[in-house]
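# Close look at the chain arrangement
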Amino acid sequence: MGLPVVLVHGLRLSGTMWRPQQEVLEAQGRRVVAVDLPGHGTRRGEVFTLPGAIGAVAEAIDAVGGRALLVGLSLGGFVSIAVAAAHPGRVAGLVAAGCTARPAQALAQVYRIPAVLLDRLPDHGQAVNERFHRLTLPSDGAAAALDGGLAMEAARAVIDEISDMEVLEALGAYQGPVWLINGARDAFRIHERRFLEACVDGRLLNVPRAGHMVSLDQPENFAKLVGDIADAVSVRGAEVPPPGAARSSDPQV
């Protein structure tokens, strides 16, 4: 069956965004869980807190046997880093995608003002966000992203919680293997070298022609990467990165 995989979604989205990867990984015989964080998906109405998010992911790992490859995108990447620091024995390996910008800058400066403005709209920006995803993502990626609903109301609480996170310290506290994956066109790559340097055992991969939502821009490619990483962690104890991994100044996959 191989190493279980736990997937953690991005801001306003839900576990449905991982459907393309979940289908591929389950077809490989893997046990896969896509978590809904507090305030998102099936847990809309709950207040998002970082401790609550860490607890939700830890429970999902326990549900698949107590140890898993943890994969997070954007907000999910930050949460996954926090989980790995808090519960290193549960995290066999960490994939942090689309999150190599320090939260104080990425969230506080880029997301806070738009969140306030969108919140003033009658639908809190629901239609704007739906249209954005449909215009910028492949049709299957957009459908996966939107099927769980958009938790527009969760944005402010997320920004308040994550913007104070000491992410580099948390990343450095985790002794296990880390894969930092970014779309080559992702504006949030700004601190990727600092993130790599903070890792005890890190690898940096950039995916050509992909943006911030790298797993939705290139769902098949991302699923293959996750499968390869899970195999590397399981079989080789993550001492050797999977095919395509690199630590050069401009790594590509």
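Residues numbered from 1 in each chain as written. Predicted model: local features only at pLDDT ≥ 70, side-chain atom pairs only at ≥ 80, totals over all residues. Heavy atoms only, no water.

## Points about the overall build of the protein
On a plain count of helices and strands, the protein comes out with 12 helices and six strands. Per-residue burial for the protein yields a buried fraction of 56% across its 253 residues. Long-range pairs, those at least 24 residues apart, make up 76% of the contacts in the protein between residues at least 6 apart in sequence. Summed over all atoms, the accessible surface of the protein reaches about 10200 Å², with 53% contributed by carbon and sulfur. (Helix = DSSP H or I, 4+ residues; strand = E, 2+ residues; numbered from the N terminus. Buried < 20%, exposed > 50% of the residue type's maximum accessible area, 1.4 Å probe, protein only. Contact = heavy atoms within 4.5 Å. Areas by Shrake-Rupley, 256 points an atom, 1.4 Å probe, with all protein chains shown as cover.)

## Details of unusual backbone geometry
For residues that are not glycine, phi is negative in most cases, and the peptide bond is trans in most cases. A positive phi angle, close to 75°, is found at Arg-12, a residue other than glycine. Locating Arg-12 in the fold gives a position in the loop between β1 (5–8) and α1 (19–27). Within the chain, Arg-209 stands out as a residue other than glycine whose phi angle is a positive 65°. Within the secondary structure, Arg-209 sits in the loop between β6 (201–207) and α11 (214–217).

## Re the confidence of the model for the protein
The share of residues in the protein with pLDDT of 70 or more is 80%, and the mean pLDDT across the chain is 86. Segment residues 238–251 is flagged for pLDDT under 50; beyond a separation of four residues in sequence, or across chains, it makes 37 contacts in the model. (pLDDT = per-residue confidence, 0-100.)

## Observations concerning the environment of Leu-94
Inspection of the secondary structure assignment puts Leu-94 in strand β4 (residues 91–97). Look at Leu-94 and you get buried, because its relative accessible area is 0%. Sequence separation of Leu-94 and Ala-84 is 10 residues, and the distance between their C-alpha atoms is 7.3 Å. Every residue in contact with Leu-94, bar those within four places of it in the chain, is listed here: Leu-69, Leu-70, Ser-80, Ile-81, Ala-84, Leu-171, Tyr-174, Pro-177, Val-178 and Trp-179.

## Focus on the sheet that holds β6
With parallel pairing, the six strands of this open sheet are ordered in space as β2-β1-β3-β4-β5-β6. Each edge of the open sheet is held by one strand with a lone partner, namely β2 (32–35) and β6. Each strand of the sheet is rotated relative to its neighbour by a mean of 15°, with strand direction disregarded. Taken together, the seven bridges between strand β5 (residues 177–183) and β6 define a ladder with parallel strand orientation. Along β6, the bridge assignment pairs Gly-183 with Val-207. Of the strands in this sheet, β1, β3 (68–73) and β4 touch helix α3 (residues 75–86), which is tilted by about 145° from β3. (Pairing = 2+ DSSP bridges. Axes fitted to C-alpha atoms, helices over the stretch in contact; angles between N-to-C directions.)

## Digging into the nonpolar core
The biggest cluster of nonpolar side chains holds 42 residues, and the ones touching the most others in it are Val-6, Leu-37, Val-57, Val-79, Ile-81 and Leu-94. Setting aside its immediate chain neighbours within four residues, Val-6 contacts Val-33, Val-35, Val-57, Ala-60, Ile-61, Val-64, Ala-68, Leu-69, Leu-70 and Val-71. Membership of the second largest hydrophobic core comes to 35 residues, among which are Val-32, Leu-205, Val-214 and Ala-230. (Core = buried A, V, L, I, M, F, W, Y, C linked by side-chain atoms within 4.5 Å.)

## A look at the environment of Gly-41
On the secondary structure map, Gly-41 appears in the loop between β2 and α2 (50–63). Judged by relative accessible area, which is 18%, Gly-41 ranks as buried. Between the C-alpha atom of Gly-41 and that of Gly-15, which follows or precedes it by 26 residues, the distance is 7.0 Å. Those residues in contact with Gly-41, other than ones at most four positions away along the chain, are Leu-13, Ser-14, Asp-36 and Gly-148.

## Regarding the packing of aromatic side chains
Counted under the stated rule, the structure contains one aromatic pair. Over the ring of Trp-179 we find Arg-203, and its NZ or CZ is 4.6 Å from the ring centre. (Phe/Tyr/Trp six-rings, centres within 6.5 Å; stacked < 30°, edge-to-face > 60°. Lys NZ or Arg CZ within 6 Å of the ring centre and 35° of its normal.)

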